[in-house]
Every structure is written in C-alpha cells, then in structure tokens.
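Structural description and commentary
Each chain, written out:
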Amino acid sequence: MKKVDLIIHNAKQLVTCSSDGKAKKGKQMQDVGIIEDGAVAVVDELIEAVGKSDEILNEFESEDVFDAKQKSVTPGFVECHTHIIYAGDRIDEFELKIKGAEYLEILESGGGILSTVKKTREASLEELVKQSKKRLDKMFELGVTTCEVKTGYGLDTETELKMLGAILKLNQIHPINLIPTLLAAHAVPPEFQGKSDEYVDLICDETIPFAFRLYAETLIDSDEIHKKFENNSQGTADIGAYKMPESEWVSRLQNNPMFIDVFCEKNAFNLEQSKRVLETGKRFGLKIKAHVDEFTNLGCAKFAIENGATSIDHLDATSDAEIKMLADSDTIGVITPTVNFNFGSTEFADARKMIDAGCAIAVSTDYNPGSAPCPSLPNAMAIACRYQKLLPSEAINAATINAAFAVGMGSKIGSLEVGKQADILILKTSDYRELVYEFGGNLVEKVIKNGKLTTQN
C-alpha cells in the first residue's frame, strides 16, 4: 500500500466541484461532482487521489486518517472580492443610514469611504495587519481558504503601498492564501477633488509602477517585505533601492498573480479614466479585474472583457449584449449579493439570467466596512439563492471552482481533484445544500489547509 500524509474517508457526500480545467458555465454549474461514500488522499499538501472510501483505503495508508462520519466534505471556499485591509469601522454611519441619511449627506459630514481613508492613512502597518487579521480569522472559521484582497483605502501612493505591505505580511502569517489587487482607483481622494484626471496620472505614473515592483521583488524572498518596511514607521517601501530587470518582474507574476482594478462608476472614474488605469496595469503584467455596472452602466464591462479580464464584478446594471459577451468569454462574472442586502435593496444583479445565458458566475461577500460588513461567504451564497435564484449546486460552484478562476487560480484550487491544493472542509451536515438552506450560523466543522487540520469548530 502506498503511504500518504492524510486520508479523509467515509464522507456521505464528497462534493468535488470538479471541472474540465475551465470554470463552470450555464448548466454545468448544477453539477457539483458528488462521490457518495467518498474519500481523499493527500501527499505533500496536494491531493493524491479521490474516489470511493473502500478504493482509497485499499490503495493508501496513513498515520493521519480522518473519519468524516457520513458528513459532507467540500473544497475550501475561495473569496474572490474583498476590501478587508482598513482601519476603524463605520458603525456610526450604519446607524445614520437606518435613520434615513442619504449617502451624500453622510459624505459631507465626514463619513463614507473618505472616513475609512483618513483612518487607514493614519494607521501604522502593524495596526493594519492586526485589525485585518481578525477579519481573516472570522473568514477562515467560516471555511475560506483563499482570499483576494484589495487596496483602495489609501488613495495615495504611500498608503496604497502600506496596504499592499499589510496584504503581503498577512499572507506570510495567516493560513488563508491571499491574492493582492491594487485598487488605487477606488475613489477620488479629497486633495484631488475636481482634478480626477490628475489623480489618474498619479496612479498610472507612480502608484502602479511602485506597487508592481514592490510585489514582484518580494517574490525573490519571503522575508523581503520585512526588510523593505522594518525601518519605516509609515510602512512605505524605498523602491529605488531595489533593482530588477522588468522582464524578470513579469515572469515572477505568472504563477503569483496580482491584479489591477478600478471602480468605473458615476462619481468615481469614467470609462476613459478606467481604460487608462487597466491598460497601465496590464502593461506591467497585472491581471485585470473591474468594478462595473454597480449603479450605472458606463461601458467598462465590454472593455474589460475585450481585454481579457479575469473577472468583472457587481454587474447590477449589465446589459444583455454584455451578458452575451461574458458568456462567450473566459471572464468570470462576480456577484456581490451582500451589498444589495446591506443597502436594504430588493434589486439584485440578474445572476439567473446570466447563468441561463451561459456565463460563468462566482459569488463573493465584497467584505468591506461600508457597503458589505459581512465575513460569511455561506451567507452570501444563501442570499444569492433567495434573491438571485441560484440553486444550491450553483452557489457552491460559484464559491469554489468558479471563484478560483475569478482569482486566476483555477488550476490549483477550488475543487477536490488530483494535483490540486488540499484545501478541504468537513461540514456539520450530511447534505451540502444545508449550507444555503440554513443561514446565519456556521456549518463548517473542520478546515484542512494544505493537507493539515488547522481549524476545528
């Protein structure tokens, strides 16, 4: 018998979410690849074999054997759109909204995104890491094993780099794998009000090149980020002190994706500005994501898809023509139902239409301090089922394999398949559909990250 590092067996449902090497589209999203009485064998943090329990136990042996006790076993959840690096909170603003205050009124009183920008600029790198780690801990207990994390509450080069530094440090110390996204084009900062084109110049000429170099050079050595930040109380890297040929930077990003993102929206960035930001990031080897059509359709979905975007996110106002484009592309459409829920809205992105049209859809919490203070991906899935008419099978594929493709990692994570990272959940139920049928609790019993039991609830 072949010796392996870990065996999980006796799963009532081994929910593999297996695919053919691509994201699931249309009716494929209803297939979660269940193996009854299933088992998984793990070697060196990777899945060695998947099959029936008797088959796996007859072929493999291990000192670590978990009996799933007829419960459901699924891939670890992939959170593909978050804004969890920030300081402070917006609880007072939440109360004002309940009382009927409008967004502009809150903004004028010093609230909204600019209040988070102020607190984030004032916070040290260590404070950002400490506060954001608590959010990651909540997400990990709820089953997230990989998480995309955006900057965007700095809105100046110094603080955007500090936020990127926090992401890189957390990626070293936390079990969740973090994938960074530069979202300097999140809003126009107060010092550039009425001069948004000048702020876009700053993003393209300074912030993107500096952030890119910082990230690429940290890939040389996992301790490099500490060297760059340890002597600077503000957490800003001295990029000029580190030299590397640009061709080498680009090659290092191939297996360690970093994304460029933009909020293309009325009162944020128009289409031409958004194009500049995304094109500049793409030139530096960054992959494209884009906040599009949350409130108004400015045409950025079409541009992003045509330019090979990994994902386009929100999609509340996406047109039928753009839905067809999305269906015909490899771009993933990311829905964020917790945002609409938090706004008290009954209007949601028409995910049912998108799936029926053949789109690959992923689901996210959009975890952030203002529009979606929600760490629970299962709750986002439950809302999507109720308001956007996803079936439970579609919801779990949207939070695993499709979400993995939405962060450029579909070949490595998101399903229980041979050769993939052994990120596995054991649930407190024998039917995975209970994840979305019951909401408000936590049905994750064990989190196995890279083949090791890390969390037991």
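Residues numbered from 1 in each chain as written. Predicted model: local features only at pLDDT ≥ 70, side-chain atom pairs only at ≥ 80, totals over all residues. Heavy atoms only, no water.

1. Some thoughts on the nonpolar core
Note the threshold: Side-chain atoms within 4.5 Å are what join buried Ala, Val, Leu, Ile, Met, Phe, Trp, Tyr and Cys residues into a set we call a nonpolar core. Exposure categories follow from relative accessible area, calculated using a 1.4 Å probe and restricted to protein chains: below 20% of the type maximum is buried, above 50% is exposed, and the middle band is partly exposed. Strands are runs of DSSP state E lasting at least two residues, helices are runs of H or I lasting at least four, and both sets are numbered from the N terminus onward. Contact between two residues is taken to exist if any of their heavy atoms lie within 4.5 Å; hydrogens are not considered.
Grouped together as the largest cluster of nonpolar side chains are 118 residues, with contacts concentrated most on Val-277, Ile-312, Val-363 and Leu-390. The greatest single-element share of this core, amounting to 10 residues, is contributed by helix 7 (residues 196-218). Apart from the residues within four sequence positions on either side, Val-277 is in contact with Ala-185, Val-200, Ile-203, Cys-204, Ile-208, Ile-260, Asp-261 and Val-262. Counting residues in each nonpolar core, the second largest holds 15 residues, with Leu-14, Leu-416, Ala-422 and Ile-426 among its members.

2. Digging into the packing of aromatic side chains
Operational definition: A pair of aromatic rings is counted whenever rings of Phe, Tyr or Trp (Trp by its six-membered ring) have centres within 6.5 Å, and the orientation is called stacked for planes under 30 degrees apart, edge-to-face for over 60 and tilted otherwise.
Per the counting criterion, the structure on display carries six aromatic pairs. Taking 6.1 Å as the distance between ring centres and 75° as the angle between the ring planes, the aromatic pair formed by Tyr-86 and Tyr-153 counts as edge-to-face. In this pair, Tyr-86 is assigned in the loop between strand 8 (77-79) and helix 2 (91-98) and Tyr-153 in the loop between strand 9 (144-150) and helix 6 (157-173), connecting sequence segments 67 residues apart. Taken individually, Tyr-86 and Tyr-153 each receive the classification buried, so the pair is uniform in this respect. Each ring, one from Phe-192 and one from Tyr-199, has its centre 5.4 Å from the other, and the planes form 45°; the classification is tilted.

3. Some thoughts on the pattern of salt bridges
Quick note on the threshold: A side-chain nitrogen of Lys or Arg and a carboxyl oxygen of Asp or Glu constitute a salt bridge if their distance falls within 4 Å.
Under the definition given, this model contains 23 salt bridges. In this structure, Glu-122 engages Lys-118 in a salt bridge whose closest nitrogen and oxygen atoms are separated by 2.8 Å. Taken as a pair, Glu-122 and Lys-118 lie in helix 4 (residues 113-122) at a separation of four residues, close to a single helical turn. Across the pair, exposure class does not vary: Glu-122 and Lys-118 are exposed alike. Glu-191 is the salt-bridge partner of Arg-121, the closest N and O atoms lying 2.8 Å from each other.

4. With respect to the environment of Tyr-432
Its place among the elements puts Tyr-432 in the loop between strand 16 (424-427) and helix 18 (434-437). On the basis of relative accessible area, Tyr-432 is assigned to the buried category, the value being 8%. Counting along the chain gives 36 residues from Tyr-432 to Ile-396, while the straight-line C-alpha distance between them is 8.6 Å. In this structure Tyr-432 touches Gln-13, Val-15, Val-32, Ile-34, Ser-72, Pro-392, Ser-393, Ile-396 and Leu-427, once residues within four positions along its chain are discounted.

5. Some points on the environment of Lys-282
Relative to the assigned elements, Lys-282 resides in helix 10 (residues 271-283). For the pair formed by Lys-282 and Asn-307, sequence separation is 25 residues and the distance between their alpha carbons is 9.0 Å. Setting aside its immediate chain neighbours within four residues, Lys-282 contacts Ile-260, Ile-288 and Asn-307.

6. Describing a negative patch on the surface
Rule in force here: Like charges are joined within 9 Å and nonpolar side chains (Val, Leu, Ile, Met, Phe, Trp, Tyr) within 5 Å, but only among residues with over 30% relative accessible area and no salt bridge; these make up the patches. All accessible-area figures derive from a Shrake-Rupley calculation using a 1.4 Å probe, and residue coverage is judged against the displayed protein chains alone. When charges are counted, Lys and Arg contribute as positive and Asp and Glu as negative, whereas His and the chain ends are disregarded. A charge is said to be at NZ when it belongs to Lys, at CZ for Arg, at CG for Asp and at CD for Glu.
Together, Glu-36, Asp-37, Asp-54, Glu-55 and Glu-59 make up a negatively charged patch on the protein surface. Elements that contribute at least two residues to the negative patch include exactly strand 3 (34-43) and helix 1 (53-59). Element by element, the count of residues in the negative patch is highest for helix 1, at three residues. Secondary-structure assignment places Glu-55 in helix 1. By relative accessible area, Glu-55 is classed as partly exposed at 47%.

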